[in-house]
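Coordinate inspection notes
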Amino acid sequence: SGHDLLDYAAGKALDTKLIVVSGEGTFESVQHALHCGAFDYVRKPYDPRELIATLEAALRQRQLELENRAMEARLRESEARFSKIFHSSPMPVLISRLADGTYLEVNDAWSKWCGWSRDEAVGKTSLELGVWLHSADRKEFVRMLQAGMGVRNMEVRQRKRSGEIAEVLLSSDV
């Protein structure tokens, strides 16, 4: 029966659009079809234009789903490439939240240069770690980023974990 076919399809999690065409039009039968994953329910007798419109809608949705999967795969590949570049960079690099300066990610080169491990830094702010020697430098850095200017080679003095003060060039964008 049609119900058996729907139950079978639901159990197999088929990657297809099912359109039920049936002479039974009770609420329960429509509900069962949709619960089992049917894309739509067309009741007999039907106008051929209705069936064609339903088929076109199912095909459009299927095409969108396939495009979405392809975009998700490209996004995962892009994220993996970014991660490799970020983590293998010989230059100290970090990602922080502009709103509060919380470190979201740091690379190994940053950890080696600053002295804080990734676990010690991520989730903390630069102020909590005492990185900025002069708060005015941080304020200017944040002001430039918030203004959409980006920062290129801003000369500042920062403190490493050991207490050593270093002259650094900061570059950043939002």
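Structure first, text after, so check above.
Read on for a plain summary of the structure. (Residues numbered from 1 in each chain as written. Predicted model: local features only at pLDDT ≥ 70, side-chain atom pairs only at ≥ 80, totals over all residues. Heavy atoms only, no water.)

Here we look at the nonpolar core
Ranked by size, the top nonpolar core spans ten residues in total: W132, F141, M144, L145, V151, M154, V156, A166, V168 and L170. Contacts of V168, omitting those with residues within four sequence positions, involve W113, M154, E155, V156 and Q158. Residues W110, W116, A121 and V131 belong to the second largest nonpolar core, which totals eight residues. (Core = buried A, V, L, I, M, F, W, Y, C linked by side-chain atoms within 4.5 Å. Buried < 20%, exposed > 50% of the residue type's maximum accessible area, 1.4 Å probe, protein only. Contact = heavy atoms within 4.5 Å.)

What to know about a nonpolar patch on the surface
A grouping of F82, I95 and L104 is seen on the molecular surface, where their side chains present a nonpolar patch of about 250 Å² in accessible area. Note on placement: F82 falls in helix 3 (residues 48-88). Accessibility expressed as a relative area gives 46% for F82, which makes it partly exposed. (Patch = residues over 30% accessible without salt bridge, like charges linked within 9 Å, V, L, I, M, F, W, Y side chains within 5 Å. Areas by Shrake-Rupley, 256 points an atom, 1.4 Å probe, with all protein chains shown as cover. Salt bridge = Lys/Arg side-chain N within 4 Å of Asp/Glu carboxyl O. Helix = DSSP H or I, 4+ residues; strand = E, 2+ residues; numbered from the N terminus.)

Details of the pattern of salt bridges
Within the structure shown, the criterion is met by twelve salt bridges. A salt bridge links D47 to R49, with the shortest nitrogen-to-oxygen separation between them at 2.6 Å. What makes R49 exposed here is its relative accessible area of 64%. Between R161 and E120 there is a salt bridge; the shortest N-O distance is 2.8 Å. You can see R161 sitting in the loop between strand 5 (151-159) and strand 6 (165-172) and its partner E120 sitting in helix 5 (residues 118-121), a full 41 residues away along the chain.

What to know about unusual backbone geometry
Look at the link from K44 to P45: it is a cis peptide, with omega at -15°. By secondary structure assignment, the location of P45 is in the loop between strand 2 (38-43) and helix 3. Here N153, not a glycine, exhibits a phi torsion of approximately 55°, which is positive. Checked against the element boundaries, N153 lands in strand 5.

Overview of the side chain of S89
On the secondary structure map, S89 appears in the loop between helix 3 and strand 3 (94-96). By relative accessible area, S89 is classed as buried at 19%. At 3.1 Å, the side chain of S89 forms a polar contact with the backbone nitrogen of M91. In contact with S89, other than residues within four places in its own chain, are N107 and A109. (Polar contact = N/O pair within 3.5 Å; in protein donor to acceptor, adjacent residues only side chain to side chain.)

Looking at the environment of K124
Residue position: K124 is located in the loop between helix 5 and helix 6 (126-129). On the basis of relative accessible area, K124 is assigned to the partly exposed category, the value being 35%. K124 sits 24 residues away from D100 along the chain, and the two C-alpha atoms are 9.7 Å apart.

Quick look at the packing of aromatic side chains
Counting across every chain of the model gives four aromatic pairs. Ring geometry for W132 and F141: centres 5.5 Å apart, planes at 45°, overall tilted. Across the pair, F141 and W132 agree in class, each one buried. Counting every residue linked through ring pairs, the aromatic cluster contains Y103, W110 and W116. (Phe/Tyr/Trp six-rings, centres within 6.5 Å; stacked < 30°, edge-to-face > 60°.)

What to know about the side chain of S29
Here S29 lies in helix 2 (residues 27-35). Taking the relative accessible area as the measure of exposure, S29 reaches 4% and is therefore buried. Only 2.9 Å separates the side chain of S29 from the backbone oxygen of T26, close enough to count as a polar contact. In terms of polar contacts, S29 uses its side chain to reach the side chain of Y41, at 3.3 Å. Sequence-distant contacts of S29, defined by excluding residues within four places in its chain, comprise H3, E24 and Y41.

Coordinates in, geometry out; function isn't part of it.
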